[in-house]
Amino acid sequence: MALTPQALRLLSKELVRLRSDPPEGVRVIVDEDDLTAVEGLVQGPSGTPYEGGYFRIRFNFGPEYPNIPPKCTMITKIFHPNMSKQGEICVDTLKKGWKREYGVGHVLVTIKCLLIYPNPESALDEEAGKQLLADYDGYCKYARLMTSIHATPKITPIEFRDSSSKSSPSAPTPIAGLNLIHLPSSIPSSHSRPPNSTSSTTSSSTTTTTVTTTSTKPTASTRPAPLQAHAQQEQSPVMLSEPTAGEPEKPLKTVSSTKTPAKTAGAKAGAKRGLKRL
Amino acid sequence: MASEMEVDGAVPGVPIDEGLYSRQLYVLGHEAMKKMASSNVLIVGMKGLGVEIAKNVALAGVKSVTIYDPNPVEIADLGTQFFLRENDIGQPRASVTAPRLSELNTYVPIKILEGSGEITPDMVAPYQVVVLTNTTVTKQVEINEFCRSKGIYFISADVRGLFGAVFNDFGKDFACVDATGEQPQTGMIVQVEEDEDAIVTCLDETRHGLEDGDYVTFSEIKGMEGLNGCEPRKVTVKGPYTFSIGDTKGLGQYVSGGLFTQVKMPKILQFRSLKESLTQPELFITDFAKFDRPATLHVGFLALSAFYEKNGHLPRPRSSSDASAVLALAKDIHKSNGGQDEVDEKIIETLAFQATGDLSPMVAVIGGFVAQEVLKACSAKFHPMQQSMYFDSLESLPHELPSEADCQPLGSRYDGQIAVFGKAFQEKINATKQFLVGSGAIGCEMLKNWSMMGLASQGVIHVTDLDTIEKSNLNRQFLFRPKDVGKFKAEVAAAAVAEMNPELKGKIISYQDRVGPETERTYGDEFFAKIDGVTNALDNVLARQYMDRRCVFYQKPLLESGTLGTKANTQVVIPFLTESYSSSQDPPEKSIPSCTVKNFPNAIEHCIQWSREAFDSLFVNPPTTVNLYLSQPDFVESTLKSSGQHFDQLKQIEKYLVKERPTSFAQCIEWARLQYEENYVNEIRQLLFNLPKDQVNSNGTPFWSGPKRAPDPLKFNVDNALDFEYIVAAANLHAFNYGLKGESDPAVFRKVLESIKVPEFTPKSGVKIQVNENEPVSNEPNPDEDIDSIVNSLPPPSSLAGFRLVPVDFEKDDDSNHHIDFITCASNLRAANYGITQADRHKTKLIAGKIIPAIATTTALAVGLVCLELYKIIDRKNKVEDYKNGFVNLALPFFGFSEPIEAAKQKYGETEWTLWDRFELEGNPTLQEFINWFKEKHNLEIQMVSQGVSMLWSSFVPAKKTADRLNMRMSELVEHVSKKPIEPWVKNLLVEVMVNDENDEDVEVPYCLVHI
């Protein structure tokens, strides 16, 4: 059975918005005779092993969308701990953390963030997960190689050639449909809560999540810190406050997404930070 | 706990018929059902209420039901007593009813208690539960005193017009074993203090869901091992993720891990006798909007009984003199009870006016409720109602009240209804035309009520259901008998209720259609023009949403209801007044992340999900793919084109068609054995190779901790029942795929298993790291080349003409097909890998089969509530406060009612609109005309136009394409974009638009109906 008219209405409106004003680094491909045959394109974020690649994601909307998340398949081959060889994507947004309001744009931005901060601790491709944990450089190299073989076209895909949506990293534009992007109210936060924490109000992580990076030297073998136990897939850089790109070692502050507007600058900065460390 | 229930002892050696009771077992559980099977129930009074209770109790399954009513059948009884016929008039009620009740459940004998006149204490002595209906208060007190002295559970109940009353007395110490019926809470913990009132902290992904006073025990805790398997500890809730459990000093220092599990503790309840309750009733509230009414009705019902005892009859319909006599009695009773305020005279008068009234929907509500109370008494499952309940649906009265003359009995079967609503309203009921969607549990109950009400005796009922009758339906879909299994539900149900009320003969039209876009030719403009409204009796949300859309489109009222175990909800949707069914939604279903299912299960649900997926990927998908390869000439080409999965699919075809195609059952056993090795040994070893048990995260914490449980490979053992059963199920299903004969002889399996050589497994050393990026990737096959070689190695479909595999079609209710067996074994083996508590077949079936627990009591009650709303719809009430949406949970018990929510008003420009509004355009305009119409008439700038899944036009469509389209008529445009013809019977198109207002702001507007 097809989508309900309400869902279709919601989807077509979102697609029109995404076409005219897409978030940084993601695009949608819309099929005129079937609005539900949506594909997304995610640009490999700079500073990650996926840089230079374009990753195609197919959306499958079940009849209960948006009450039930769409099924998303990564069509482009990729080496990533949270994406299986068959293209399944394991991200909380598409499962437990799904919310009706999310839509296509949020999913694509989340996948983009997952490219920046893989989550090896809930690996779907456990080889990639293990690799990332044990040998970060090796993981990067292999992922980069896979990107260059499978995801890097000779010419920029047409969707990304539209000049109107290009924005320079130094002049970040707010993400379109910003309201789509916020922390889910029940973010699974780290499982390693400090043992002395007893008050449920402070320990519950419904709105606030602490992301801390240990100060490390930017050598070739260190990797972006936020993928440690504290970082969850959901805590993508769009939710972080804006660290200055030039100060990657500064620990990130406690951020409440409900108060801090998400900015692409965060994503850019995060990506840059990754670049420096690599 | 079990004390009195075991007076007769359980029937030994008679196991529960799981096929029949399947859905109810998921509500009550085996324990409760066993206790019920030793209870003998007596029901006194076989008018409508008595038979409704008897029906529900018999369906549920008790040791025996005995009925008592020696009085002769009267014509008015036929208005609610669905097992009486016109030619029974004059016969004793019990003796004509018993044979029909007996057909409901072969496991429950229906006995007739002999006797004449009123019931006496010695007659009730042999029973465990006694229910009195239609008896005076004096008689009730007499029987209650006796029952109390003998430890017999006592219930009395009555329906008077739109009022109902129930009283429970389950004795001085009634041990209720499960007060809520909810699954015990369980969850992972990360910290336990060593303290006087130690606080337990949950893994913060999950709320503990406990309440103060709940009890828990623990397992798998490291460090504070003293808590593992401890006596249940009482919980004080500290927050959503924390609770305290009392003193843990001296139990050691908590290190890590652990699970808490809720333990249900018996709750001891004290009941007062009816005699005491007469003056000091413990009132149970059913509607907080009328919280002071039960006290009035308590006095009112006592006054009615007193009136009857004095005058030998109940107050006559709308008789002022009788009503004032009742009011005087009520005032006396109120005063002698020490009542403070004045009694509500209006309510007492109305009760007296309706006292001879007897309404099928009210009987259904009270009868469903009381039957569940009987089951509570028998089984100690769920919390009994304490102690006096008074329920009314006065809002169902027509806004124009009938006159006294209009309510007088006519010697018709509808006299009980006429006494309340009057003859004129009865005619409106008779003339009603309804569409009933679904003829399952809710549908059967609905048709029963409708036939009793005389609904459509001068109108029509359309009823559709695509299903045929199955055995598991017979437990609650009471219009069906064992001989009907396999027949169409709608047809059998229609025939059954036409028997109950012959006036409906020829008035019910049954269909076997699924409602949906594909049947809109049948259920289209003409059809909807002929009906007054729609009643849903559906079992899934999608169909409900679909019917809701149709009702909004055709602007018809919709009655909606659903049940889940002991819970029920009802909703009324009224055009231009309320929101629609789809306006509110249940919270999104939480699915299990794929990485949890694939690598990190920590609960049996994860294993069952894995196992259910394994079932498809072993027995359903590969044979389906193989058949596609064999039957579609261009399959490889079209598969290649769709890309993504082609490599895997071809590998699968190769495996199933060439490499592993069995020719004997022995080979199926071998296949099953190797499958075992692959899933429960090799894959686990590979995972542990990739992520060893001592793997640490980059911050030094162990990788395998918290929700990630480290697995262990299994070792196959033919003497292990689980291992062996897995092989039996898997081999038989594999054989089924190839059309090979199945086998169940253990000896055959053993013989083959002994001879199988299982290849030694060496974990693959993982990803090879390329030192140089220019180096070719050795472990990445060149997909194109590889595909060609596979395709070439496959036998061409022509060489296998006619050969097909047989994909398994998952059927949860067939106990001999190995489906649930396989899923249970596969899931439990995986649970064994991960040290997760296993689940039995029954529980696995519930989860894997997504079974919705169901019981007749809840359905009866829900449908009664729906029909009480139907009276209002027939009366065309037009204020939200006239209607009630209901939520009920019989287990607690709990009733909640609310006004329907008004349709939300939205606004563009100065125009307010709701979901019931739309734009209408005549004459199949061109796109240009369409756009102009919005601009000129509504000052709205079109940004996007869509119809169904087709985007007809949007502002980013290139200019040339736009120019082409502007001149197309809407119908042409739809055909042009969708590349599909519009069916000839389609008269209008539903078009959605996205528009900007004059300030270039995006505004929400209704949909458009374009006539073509």
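Residues numbered from 1 in each chain as written. Chains lettered and ligands numbered in written order. Predicted model: local features only at pLDDT ≥ 70, side-chain atom pairs only at ≥ 80, totals over all residues. Heavy atoms only, no water.

J.: Hey, could you go over helix α27 (residues 856-874) of chain B for me, with residue numbers and the actual values?
T.: Note: α-helices contain 3.6 residues per turn, so residues at a spacing of three or four share the same orientation. All names here are of chain B. Along its 19 residues, α27 runs 27 Å from first to last C-alpha, staying within 8% of the 27 Å computed at 1.5 Å per residue. For α27, the tally of buried residues reaches 19 of 19 residues, placing the bulk of the element in the interior. One or two residues past the end of α27 sits arginine 876, with phi positive at roughly 55 degrees. (Helix = DSSP H or I, 4+ residues; strand = E, 2+ residues; numbered from the N terminus. Expected span 1.5 Å × (residues − 1). Buried < 20%, exposed > 50% of the residue type's maximum accessible area, 1.4 Å probe, protein only.)

J.: Describe the sheet that holds strand β2 (residues 39-43) of chain A, naming the residues involved and giving the relevant values.
T.: Residues and elements named next belong to chain A. If you trace the four strands from one edge of the open sheet to the other, you get β1-β2-β3-β4, paired in antiparallel fashion. The sheet is open, and its two edges are formed by β1 (26-29) and β4 (71-74), each paired on a single side. Neighbour-to-neighbour, the strand axes of the sheet open up by a mean angle of 25 degrees, direction not taken into account. (Pairing = 2+ DSSP bridges. Axes fitted to C-alpha atoms, helices over the stretch in contact; angles between N-to-C directions.)

J.: Could you give an account of the sheet that holds strand β21 (residues 533-536) of chain B, with specific residues and numbers?
T.: Residue and element names in this part refer to chain B. In spatial order, the strands read β20-β19-β18-β21-β22-β23-β24-β25; together these eight strands make up an open sheet with mixed pairing. The outermost strands of the open sheet, each flanked by one partner alone, are β20 (508-511) and β25 (894-898). On average, each strand axis in the sheet is tilted by 10 degrees relative to the strand beside it, whichever way the strands run. Judged from the four bridges that link them, strand β23 (residues 567-573) and strand β24 (residues 885-889) form a sheet pairing that is antiparallel.

J.: Tell me about a nonpolar patch on the surface, and please be specific about residues and values.
T.: On the surface, Phe288, Phe291, Phe887, Leu892 and Phe894 of chain B cluster together to form a nonpolar patch covering roughly 510 Å² of accessible area. Its location among the elements puts phenylalanine 894 of chain B in strand β25. (Patch = residues over 30% accessible without salt bridge, like charges linked within 9 Å, V, L, I, M, F, W, Y side chains within 5 Å. Areas by Shrake-Rupley, 256 points an atom, 1.4 Å probe, with all protein chains shown as cover. Salt bridge = Lys/Arg side-chain N within 4 Å of Asp/Glu carboxyl O.)

J.: Can you break down the UniProt feature "domain: Ubiquitin-activating enzyme E1 C-terminal" (unreviewed entry) in chain B residue by residue, with the values?
T.: Following the UniProt record, one finds the feature "domain: Ubiquitin-activating enzyme E1 C-terminal" (unreviewed entry) at residues 883-1008 of chain B. In the segment residues 883-1008 of chain B, helix accounts for 23% and strand for 34%; the C-alpha atoms at its two ends are 30 Å apart. (UniProt positions renumbered as here; feature names shortened; annotations may be inferred.)

J.: How would you sum up the nonpolar core? Please name residues and give values.
T.: Among the nonpolar cores identified, the biggest contains 161 residues, and Ile119, Ile366, Val374, Trp450 and Leu479 of chain B are the most heavily contacted of them. In contact with tryptophan 450 of chain B, other than residues within four places in its own chain, are Gln434, Leu436, Leu455, Ile461, Thr535, Cys867 and Leu870 of chain B. (Core = buried A, V, L, I, M, F, W, Y, C linked by side-chain atoms within 4.5 Å. Contact = heavy atoms within 4.5 Å.)

J.: Outline a negative patch on the surface, supporting the account with residue identities and numerical values.
T.: Together, Asp467, Glu470, Asp539, Asp809 and Glu811 of chain B make up a negatively charged patch on the protein surface. A relative accessible area of 58% places aspartate 539 of chain B in the exposed class. (Lys, Arg positive; Asp, Glu negative; His and termini not counted. Charge placed at Lys NZ, Arg CZ, Asp CG, Glu CD.)

J.: Which residues make up the pairing of strand β1 (residues 40-44) of chain B, and what are the values?
T.: Residues and elements named next belong to chain B. Across the five residues of β1, five count as buried, placing the element largely inside the fold. By the alternation rule, side chains of β1 split into Asn40, Leu42 and Val44 and Val41 and Ile43, which are all buried. The pairing of β1 with strand β2 (residues 64-68) spans five bridges and is parallel. Of the residues in β2, the one forming a bridge with isoleucine 43 is isoleucine 67. In this fold, β1 hands off to helix α2 (residues 48-60), which returns the chain to β2; that crossover is right-handed. Judged from the four bridges that link them, β1 and strand β4 (residues 129-133) form a sheet pairing that is parallel. Along β4, the bridge assignment pairs leucine 42 with valine 130. (Right-handed = clockwise from strand over helix to strand, strands pointing away.)

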